[in-house]
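# Examination of the molecular architecture
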Amino acid sequence: PDWCEIHDIYNKVTDVLKKELEPFTLISSIPEDIPLVRLDFGLMEQVIHNLLLNSSQYTPPGSIIGFTARYNEGYLTITIEDNGPGIPDVLMDRVFKKFFRADNSKPGGLGLGLSIVKGLVEAHKGKIRVENISPGVKFEISIPTEIPDINRIILE
């Protein structure tokens, strides 16, 4: 882990997914004064990439995809939500299992994306949860992290 800027991770992922996200209205909410957090940039980039890509694949074009990041009392919370069809309630407890694919899944893929996301979040000692919203689905990641003491950061 190293000091990371959430804006940088978000901007890198949305730039890579520019074509996939083009048919959607992407609404982001990241406070300008959100502090640096200690994360593995590459792993968190993969988490956000997988979740935004899933939203783009399962949400009808023209829909809204939302991204929110906030820091509060030692936790970074990232929320990604869309207004697609959601996840059938009977499948909700299996979405993070390896090789799980819903019946309405798009062709391709091995059903590993959300399993990988869960593993990467847990590698940060964090938690991920999913819930259906009306309409759509919301993924919420909560990761314990410190913020820098500006007086102690050594610039290299």
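Residues numbered from 1 in each chain as written. Predicted model: local features only at pLDDT ≥ 70, side-chain atom pairs only at ≥ 80, totals over all residues. Heavy atoms only, no water.

### A short note on the overall build of the protein
Looking only at helices and strands, one finds four helices and seven strands in the protein. The helix and strand sequence of the protein, counted from the amino end, reads β-α-α-β-β-α-β-β-α-β-β. A total of 156 residues make up the protein; the buried ones form 40% of that total. When the accessible surface of the protein is summed, it comes to about 9,200 Å², and 52% of that surface belongs to carbon and sulfur atoms. (Helix = DSSP H or I, 4+ residues; strand = E, 2+ residues; numbered from the N terminus. Buried < 20%, exposed > 50% of the residue type's maximum accessible area, 1.4 Å probe, protein only. Areas by Shrake-Rupley, 256 points an atom, 1.4 Å probe, with all protein chains shown as cover.)

### A look at the environment of D82
With respect to the helices and strands, the residue D82 is situated in strand β5 (residues 75–82). Its relative accessible area of 8% is what places D82 among the buried residues. On a C-alpha basis, the gap between D82 and L26 in space is 9.4 Å, while along the polypeptide they are 56 residues apart. Of the polar contacts made by the side chain of D82, one reaches the backbone nitrogen of G84; its length is 3.0 Å. (Polar contact = N/O pair within 3.5 Å; in protein donor to acceptor, adjacent residues only side chain to side chain.)

### Regarding the sheet that holds strand β2 (residues 25–29)
Strand order in this open sheet of five strands is β2-β4-β5-β7-β6, and the pairing throughout is mixed. Unpaired on one side and paired on the other, β2 and β6 (127–132) mark the two borders of the sheet. On average, each strand axis in the sheet is inclined to that of its neighbour by 10°, with strand direction left out of account. Here strand β4 (residues 64–72) runs beside β5; their pairing, made up of eight bridges, is antiparallel. By the bridge assignment for β5, N72 is matched with Y75. Each of β2, β4, β5, β6 and β7 (137–144) touches helix α3 (residues 41–58); the most contacted strand, β5, lies at about 20° to it. (Pairing = 2+ DSSP bridges. Axes fitted to C-alpha atoms, helices over the stretch in contact; angles between N-to-C directions. Contact = heavy atoms within 4.5 Å.)

### A closer look at the pairing of β4
Summarising the sheet, β2 and β4 pair through five bridges and their orientation is parallel. Note that in β4 the partner of L26 across the bridge is I65. From the end of β4 to the start of β5, which pair antiparallel, there are two residues, and E73 there has a positive phi angle of about 45°.

### Examining the pattern of salt bridges
In this structure the tally under the stated criterion is eight salt bridges. In this structure, K18 engages D15 in a salt bridge whose closest nitrogen and oxygen atoms are separated by 3.8 Å. You can call D15 partly exposed: its relative accessible area is 49%. Its salt-bridge partner being E131, residue R129 comes within 3.0 Å of it at the nearest N-O pair. A relative accessible area of 26% means that E131 is categorised as partly exposed. Within the structure, one salt-bridge network assembled from shared partners comprises R70, R129, E131, K138 and E140. (Salt bridge = Lys/Arg side-chain N within 4 Å of Asp/Glu carboxyl O.)

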